[in-house]
Amino acid sequence: HPAIFPATAASILRSKGNSHFPTNNNNHDQSASGRHIVSFSQPVDMLLGGGFARSELTEIAGLPGVGKTQLAMQLCVDTRLPVKYGGVDGHAVVIDAEGSWSGAA
């Protein structure tokens, strides 16, 4: 498969009319209720238009060992963070279809 670089992926998302991808004429609310959940990975957040959209279901898929479980755990932490630390002071629900979290406490 050919590599898709962030700039290419961003232009694809814009052309598909992704409502969560910011455009230059879009004023996004930066309050806690209007913020995206950031992964603190700049390329990932850029591809998603500022992070993971709140109040939406996001499926994380990929090959074994690429970090899907780690990303999900990090997003749960980031969701709980207070706004002053870059979080959204919210709640997270994880549906673990393969049992990766069984040992997590």
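Here goes a summary of the coordinates provided. Every value quoted in this text rests on a predicted model; they were computed, and no experiment measured them.

How each quantity is defined
- Residues numbered from 1 in each chain as written.
- Predicted model: local features only at pLDDT ≥ 70, side-chain atom pairs only at ≥ 80, totals over all residues.
- Heavy atoms only, no water.
- Helix = DSSP H or I, 4+ residues; strand = E, 2+ residues; numbered from the N terminus.
- Buried < 20%, exposed > 50% of the residue type's maximum accessible area, 1.4 Å probe, protein only.
- Contact = heavy atoms within 4.5 Å.
- Areas by Shrake-Rupley, 256 points an atom, 1.4 Å probe, with all protein chains shown as cover.
- Expected span 1.5 Å × (residues − 1).
- Arc of directions from axis to C-beta.

To continue, consider the overall build of the protein. Along the backbone of the protein there are 3 helices and 0 strands. Going from N to C terminus, the protein has its helices and strands arranged as α-α-α. Counting the 105 residues in the protein, one finds 22% classified as buried. For the protein, contacts bridging at least 24 residues in sequence account for 45% of all contacts bridging at least 6. By element, 57% of the accessible surface of the protein is carried by carbon and sulfur atoms, the whole surface being about 7,700 Å².

As a further point, take helix α3 (residues 68-80). Taking 1.5 Å per residue, 13 residues should reach 18 Å; α3 reaches 19 Å between its end C-alpha atoms and fits that length. Buried within α3 we find K68, A72, L75, C76, D78 and T79. Down the axis of α3, the buried side of the element spans an arc of 165°, and every buried residue falls inside it.

Any link to function would need more than the numbers given here.
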